[in-house]
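Architecture at a glance
Residues per chain, in single letters:
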Amino acid sequence: IMTASVEDVAQLYDGKLHVLMLDAMEYRALLEKYDINAVPEFVLIKSGQKDQVFESSTYDYWTINDVVLWLQSNGIA
């Protein structure tokens, strides 16, 4: 279900964002860099701005709507 949610975000923002799905076991350095405690996770990297992390571990249950609101709060329409 979570993989489908990531794919939904990718489709919703097609042409506006590059959405990558990375293997957490293979990219452990990124888990540490962004202090990721749960997967899937969303990291927004915008040139000239501080990277933002959705922090899915702070939600009991999150939906695509939560991700969309987070993206909008970070300037992604």
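Let me sum up the structure you'll find in this document. (Residues numbered from 1 in each chain as written. Predicted model: local features only at pLDDT ≥ 70, side-chain atom pairs only at ≥ 80, totals over all residues. Heavy atoms only, no water.)

1. Overview of the overall build of the protein
- When its secondary structure is counted, the protein shows three helices and two strands.
- When the helices and strands of the protein are listed from N to C terminus, the series reads α-α-β-β-α.
- Taken over C-alpha atoms, the radius of gyration comes to 12 Å for the protein, in line with the 11 Å a tight globule of 77 residues would show.
- Taking as baseline every contact in the protein between residues at least 6 positions apart, the subset at least 24 positions apart corresponds to 42%.
- In the form shown here, the protein has an accessible surface area of approximately 5,700 Å², with 50% of it arising from carbon and sulfur atoms. (Helix = DSSP H or I, 4+ residues; strand = E, 2+ residues; numbered from the N terminus. Rg over C-alpha atoms; globule rule 2.2 N^0.38 Å. Contact = heavy atoms within 4.5 Å. Areas by Shrake-Rupley, 256 points an atom, 1.4 Å probe, with all protein chains shown as cover.)

2. Describing a nonpolar patch on the surface
- Side chains of Leu 20, Leu 22, Tyr 27 and Leu 30 sit close together on the surface and give an oily, nonpolar patch of about 390 Å² of accessible area.
- Along the polypeptide, Leu 20 turns up in the loop between α1 (2-12) and α2 (28-33).
- Given a relative accessible area of 69%, Leu 20 falls into the exposed group. (Patch = residues over 30% accessible without salt bridge, like charges linked within 9 Å, V, L, I, M, F, W, Y side chains within 5 Å. Salt bridge = Lys/Arg side-chain N within 4 Å of Asp/Glu carboxyl O. Buried < 20%, exposed > 50% of the residue type's maximum accessible area, 1.4 Å probe, protein only.)

3. Structural notes on the packing of α1 against helix α3 (residues 64-73)
- Two elements in contact, α1 and α3, have axes whose closest approach is 10 Å; the angle formed by their N-to-C orientations is 45°. In terms of orientation, α1 lies oblique with respect to α3. For α1 against α3, the interelement crossing comes out right-handed. Facing Ser 5, Asp 8, Val 9 and Leu 12 of α1, the residues of α3 in contact are Ile 64, Val 67, Val 68 and Leu 71.
- Partitioned by chemical class, the residues of the contact of α1 with α3 number six nonpolar, one polar and one charged. (Axes fitted to C-alpha atoms, helices over the stretch in contact; angles between N-to-C directions. Parallel < 35°, antiparallel > 145°, perpendicular 65-115°, else oblique. Left-handed = near helix turned anticlockwise from the far one by under 90°. Nonpolar A, V, L, I, M, F, W, Y, C, P; charged D, E, K, R; others polar.)

4. Notes on the side chain of Ser 56
- Position of Ser 56 relative to the elements: it lies in the loop between β2 (52-53) and α3.
- Setting aside anything within four residues of it in sequence, one finds Ser 56 in contact with Ala 38, Pro 40, Glu 41 and Trp 62.

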